[in-house]
Amino acid sequence: MTRSYLAKQVQDIKPSGIRKFFDLASKMDNVISLGVGEPDFVTPWNVIEASYHSLEQGYTAYTANAGLLELREEISKYLYETFNVSYNPENQLLVTVGASQAIDVALRTILDQGDEVIIVEPCFVSYGPAVSLAGGVPVSVSATADNAFKITPEQVEAAITPRTKAIVLCSPNNPTGAVLSKEELTAVAKVIEKHDLVVLSDEIYAELSYDELASSMAAIEGMKERTIVISGFSKAFAMTGWRLGYVAGPVEILAAMTKIHQYTIMCAPTMAQHGALEALRNGNDSVREMKTSYRQRRNFVVKALNEMGLSCHLPGGAFYVFPSIQSTGFSSEEFAQKLLEEERVAVVPGHVFGESGEGYIRCSYATSIKQLDEAMKRMERFVNRHSKMDEP
Ligand code: PMP
């Protein structure tokens, strides 16, 4: 082999900064991981049973490309009852292999080479690479701590150029937990409408909002025709391994997305779709129980972090806290590295979620209170030790 066979746009993409800490932590004993972005709960039993049952009944073949019609009908009902937005299950919904595939297909559907996509950072690590792989150009806009990590319409407007095609928004947000209120979404929506952009609204954490339920961008007046809603079963129903998500949006966009999906994926896994059907029909109580537990853990962790001097706002949703580590004098990478080596607690340095994440770390509280308690003790010891060492 005398040359690299790799495409340039793949070579240009860096591996996710989260992976590095997983790999380091997996080689150590007695590590408490606050690094992973997934529920510690096992999928509710009735969902597992429904999936088993579908296999026993012989549902082992492909489904329709867009997913089981029954499931699309149930998703449509859920979206209407929850967010008051109606989608035709026949042509406005697509069941995907996780929200991850939904993001990828949505971007490949709407982007021409060189189109700019505004990405609000700190954010989920996939958006930028997915935009680049689709031939687009990611343009970062920083949500900052002084506005509780919420983007303002002025910031969005300032990032728009004649090449801007789309914006990716995520509320509740990973990694900050920030939730945009209906008024805040409306203000951003006005700018989006004015400049005729399309929105990818990642609403995968909507069910995990702790005050009022997070609003859907599609429910804001005038936005449904330009919004691609991305969601899925991974987070609220503790189904990360099932790989099941969905997209809701305008007919034309969904037809084009389904075309790509048809050629590249065929359909999402059939047994997982049967599980998801049960999750939507009879999963409410389980979601409520898990959410109660997340709320308790969130309150516990936010209090502990603030008490040890790592200032942290109370996130409105998802299962992450994003405390500042600036008082320690460490960069977020140094903090995460030393904390792992010295106290065996894995967190994710904020910079991996975008430049404005520097000075912060992401801790997932999707783990038991017992583990969280021990992790907070270790972190406090770490912070005390380093702040004492730094004194003159
Ligand atoms: N969007 C966000 C904001 C996420 O945090 C994640 C998972 N970490 C995903 C999408 C992908 O979820 P899925 O498991 O459905 O692919």
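Residues numbered from 1 in each chain as written. Predicted model: local features only at pLDDT ≥ 70, side-chain atom pairs only at ≥ 80, totals over all residues.

**Remarks on the sheet that holds strand β5 (residues 164-170)**
Move 1: On the basis of which strands lie adjacent, the open sheet formed by 7 strands has the order β2-β8-β7-β6-β5-β3-β4 and mixed pairing. Only two strands of the sheet have a single partner each, and these edge strands are β2 (93-96) and β4 (137-142). Taking each pair of neighbouring strands and ignoring which way they run, the sheet shows an average axis angle of 20°.
Move 2: As defined by bridge partners, strand β7 (residues 227-232) adjoins strand β8 (residues 245-248) across 4 bridges and the pair is classed as antiparallel. When the bridges of β8 are listed, Val229 appears paired with Ala248. (Pairing = 2+ DSSP bridges. Helix = DSSP H or I, 4+ residues; strand = E, 2+ residues; numbered from the N terminus. Axes fitted to C-alpha atoms, helices over the stretch in contact; angles between N-to-C directions.)

**A short note on the UniProt feature "domain: Aminotransferase class I/classII large" (unreviewed entry) in the protein chain**
Move 1: According to UniProt, the positions carrying the feature "domain: Aminotransferase class I/classII large" (unreviewed entry) are residues 30-378.
Move 2: As annotated, residues 30-378 comprises 40% helix and 14% strand, and the C-alpha atoms at either end are separated by 12 Å. (UniProt positions renumbered as here; feature names shortened; annotations may be inferred.)

**Here we look at unusual backbone geometry**
Move 1: Omega for the bond connecting Glu121 with Pro122 falls within 30 degrees of zero, at -5°, which places this linkage in the cis form.
Move 2: Inspection of the secondary structure puts Pro122 in the loop between β3 (116-121) and α6 (127-133).
Move 3: The residue after Ser171, namely Pro172, is reached through a cis peptide bond having omega -5°.
Move 4: With respect to the secondary-structure elements, Pro172 resides in the loop between β5 and α8 (182-194).
Move 5: Unlike most non-glycine residues, Arg344 shows phi in positive territory, near 60°.
Move 6: By the secondary structure assignment, Arg344 is in the loop between α12 (332-343) and β10 (345-346).
Move 7: Assessed through the 17 C-beta atoms surrounding it within 10 Å, Arg344 is described here as partly exposed. (Buried ≥ 20, exposed ≤ 12 C-beta atoms within 10 Å, placed from the backbone.)

**Examining the sheet that holds strand β11 (residues 348-349)**
Move 1: Taken in spatial order, the 3 strands of this open sheet run β9-β12-β11, and their pairing is antiparallel. Unpaired on one side and paired on the other, β9 (320-321) and β11 mark the two borders of the sheet.
Move 2: Examined bridge by bridge, β11 and strand β12 (residues 361-364) share 2 bridges and lie antiparallel to one another. Note that in β12 the partner of Val348 across the bridge is Arg362.

**Concerning the pairing of β7**
Successive side chains on a regular strand alternate, one facing one side of the sheet and the next facing the other.
Move 1: Summarising burial for β7: 6 of the 6 residues are buried, a large majority.
Move 2: Side-chain alternation along β7 places Thr227, Val229 and Ser231 on one buried face and Ile228, Ile230 and Gly232 on a second face that is also buried.
Move 3: Sheet analysis places strand β6 (residues 198-202) next to β7, joined by 4 bridges and oriented parallel. In the strand pairing of β7, Asp202 is matched with Ile230.

**Here's the deal with the site of the ligand**
Move 1: Around the ligand, a shell composed of 13 residues is seen, among which Gly98, Ala99, Ser100, Asn174 and Ser234 lie nearest.
Move 2: A total of 3 residues in the shell around the ligand trace back to one element, the largest contributor, which is helix α5 (residues 98-110).
Move 3: Across the shell around the ligand, the residue classes tally to 4 nonpolar, 8 polar and 1 charged. (Near = placed C-beta within 6 Å. Nonpolar A, V, L, I, M, F, W, Y, C, P; charged D, E, K, R; others polar.)

**Considering the nonpolar core**
Move 1: One finds Ala106, Val168, Val199, Ile230 and Val247 to be the most contacted residues of the largest nonpolar core, which totals 118 residues.
Move 2: Of the residues forming this core, the biggest block, 6 residues, is contributed by α5.
Move 3: Of the residues that make up this core, three or more belong to each of domain 1 (8-43 + 285-386) and domain 2 (45-283).
Move 4: Apart from the residues within four sequence positions on either side, Ile230 is in contact with Ala99, Ala102, Ile103, Ala106, Leu200, Ser201, Asp202, Glu203, Ile204 and Val247. (Core = buried A, V, L, I, M, F, W, Y, C linked by C-beta atoms within 7 Å. Domains from an automatic or database assignment. Contact = placed C-beta atoms within 7 Å.)

**Points about helix α9 (residues 251-264)**
Move 1: Over its 14 residues, α9 runs 20 Å from end to end, which matches the ideal 20 Å to within 8%, given 1.5 Å per residue.
Move 2: Three or more residues of α9 are buried, namely Ile253, Leu254, Met257, Thr258 and His261. Taken down its axis, α9 places every buried residue within 130° of arc, on the same side. More than 90 degrees from the buried face of α9, the exposed residues found are Glu252 and Tyr263.
Move 3: In this fold, the buried residues of α9 make contact with β2, α5, β7 and β8.
Move 4: Phi for Met266, located one or two positions after α9, is positive at around 75°. (Expected span 1.5 Å × (residues − 1). Arc of directions from axis to C-beta.)

**Some words on the domain arrangement of the protein chain**
Move 1: Once the domains are mapped, the protein chain shows domain 1 (8-43 + 285-386) and domain 2 (45-283).
Move 2: Distance from the C-alpha centre of domain 1 to the C-alpha centre of domain 2: 25 Å.
Move 3: In this assembly, 36 residues from domain 1 lie in contact with 37 residues from domain 2.
Move 4: Mapped onto the side of domain 1 that touches domain 2, the elements with two or more residues apiece are α11 (284-307) and β9.
Move 5: It is α11 that provides the largest number of residues to the side of domain 1 that touches domain 2, a total of 7 residues.
Move 6: Residue composition of the side of domain 1 that touches domain 2, by class: 16 nonpolar, 13 polar and 7 charged.

**Remarks on the packing of helix α3 (residues 45-56) against helix α10 (residues 270-282)**
Any two packed helices are characterised by the angle at which their axes cross and by the distance between the axes.
Move 1: The interhelical angle for the contact between α3 and α10, taken along N-to-C directions, is 140°, at an axis separation of 8 Å. Regarding the angle of α3 to α10, the classification is oblique. Classified by chirality, the crossing of α10 by α3 is right-handed. On the side of α3, the interface is formed by Asn46, Val47, Ile48, Ala50, Ser51, Ser54 and Leu55, while α10 contributes Met271, Ala272, His274, Gly275, Leu277, Glu278, Ala279 and Asn282.
Move 2: Split into classes, the residues belonging to the contact of α3 with α10 amount to 8 nonpolar, 6 polar and 1 charged. (Parallel < 35°, antiparallel > 145°, perpendicular 65-115°, else oblique. Left-handed = near helix turned anticlockwise from the far one by under 90°.)

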